[in-house]
Amino acid sequence: MEGPSSRLPPSLLPVSRDWMVGRRDSGGDAESDRDIKTHFRVCRFIMETGVKLGMRSVPVATACVLYHRFWERASVHAYEPYLVAMSCVYLAGKVEEQHTRTRDILNVSHRYFNSGSAPLECDKEFWDLRDSVVQCELLILRQLNFQVSFEHPHKYLLHYLLSVKSLVNRHAWSRTPIAETSWALLRDCYHGAMCIRHIPQHIAIATLHLALNSYGVELPVGEKEWWQVLCVDVTKAHIDSVVSDLLQLYDMEAKCV
């Protein structure tokens, strides 16, 4: 399948090229680990770019899901990950009805890799890059069979937080940042493919469960666990699986520093 150019101009490449080293000439677990690191860094780029563009949390989450779904069907050697990421941000804005101009995406990306630099000139290189982003958007749509609307854990986590808050002593709740921690954990889930491996309700339950355990907040004991009441099909194995994947992402973050 013919796609957009797999190259980006130097101004839109990360200063460190470590993520590119050995992409083609090594195999096995080492290559897989390197690809995971690449995707982790690129998803961090998506999130920081989304914040600078003023995007809401759900459009940013959609951009990350688009990115991970795309690489389920494509080889990381075939396309430039950061170009795919910019196109995912652009497409997510359309999907979630928070449209973002390609020029803004390109300029924010340029500043991401070249801190303190002036905006890009509207020269041939700029228009070629803009065309690449648009062509890559069409490639993503074809690869995903135009299935670009996703259900996210955000609405479930909001519901679960409100339910759990009513069960906790209000002084204990106010002293511990359970809600803030849960949202932060949920955001971190999108750095890896775990956000598409687990169903949204399980991710929401697991992030809240981890936040409560982290601060030692206990809920009243009943016939069922609180998470069984809120989500009937979730099991402890599901929660442990999500938490395990999330902890692996934090381990990956340490390796990417």
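See the structure shown above.
Summarised in this report is the structure supplied together with it. Numbering of residues starts from 1 in every chain and runs along the sequence as written. Side-chain atom pairs in this predicted model are given and counted only at pLDDT of 80 or more, local residue features only at pLDDT of at least 70, and totals for whole chains, interfaces and linings cover all residues. Hydrogens and water are ignored here; the side-chain numbers use all heavy atoms of the structure.

Under the DSSP-based scheme used, a helix requires at least four consecutive residues in state H or I and a strand at least two consecutive residues in state E, with every element numbered from the N terminus. Each helix and strand counted, the chain has 12 helices and zero strands in total. Going from N to C terminus, the chain has its helices and strands arranged as α-α-α-α-α-α-α-α-α-α-α-α. Burial status across the chain gives 51% buried among its 257 residues. Only the protein chains shown count as cover for residues, with accessible areas throughout obtained via the Shrake-Rupley method and a probe of 1.4 Å. Total accessible area on the chain is roughly 13100 Å²; 51% of this is exposed by carbon and sulfur atoms. Exposure categories follow from relative accessible area, calculated using a 1.4 Å probe and restricted to protein chains: below 20% of the type maximum is buried, above 50% is exposed, and the middle band is partly exposed.

Two aromatic rings from Phe, Tyr or Trp, using only the six-membered ring of Trp, form a pair when their centres are within 6.5 Å; if the ring planes differ by under 30 degrees the pair is stacked, by over 60 it is edge-to-face, and anything between is tilted. Taken as a whole, this structure holds 10 aromatic pairs when the rule is applied. With 5.7 Å between their ring centres and 65° between their planes, phenylalanine 70 and tyrosine 79 make a pair best called edge-to-face. Considered together, phenylalanine 70 and tyrosine 79 belong to a single accessibility category, that of buried residues. Seen from their ring centres, tyrosine 82 and phenylalanine 113 are 5.0 Å apart, and the 80° between their planes marks the pair as edge-to-face. Here the residue tyrosine 82 occupies a position in helix 3 (residues 81–95), and phenylalanine 113 occupies one in helix 4 (residues 102–113), the gap between them amounting to 31 residues.

The next point concerns the nonpolar core. Counting residues in hydrophobic clusters, the biggest one holds 81 residues, and the most contacted among them are Tyr67, Val84 and Leu208. For this core, the leading source of residues is helix 3, giving 10 residues. If we skip the residues at most four places from it in the chain, leucine 208 touches Leu157, Tyr160, Leu161, Val164, Ile178, Ser182 and Trp226. We call a set of buried residues a nonpolar core when its members are Ala, Val, Leu, Ile, Met, Phe, Trp, Tyr or Cys and they connect through side-chain atoms within 4.5 Å of each other. We call two residues in contact when some of their heavy atoms are within 4.5 Å.

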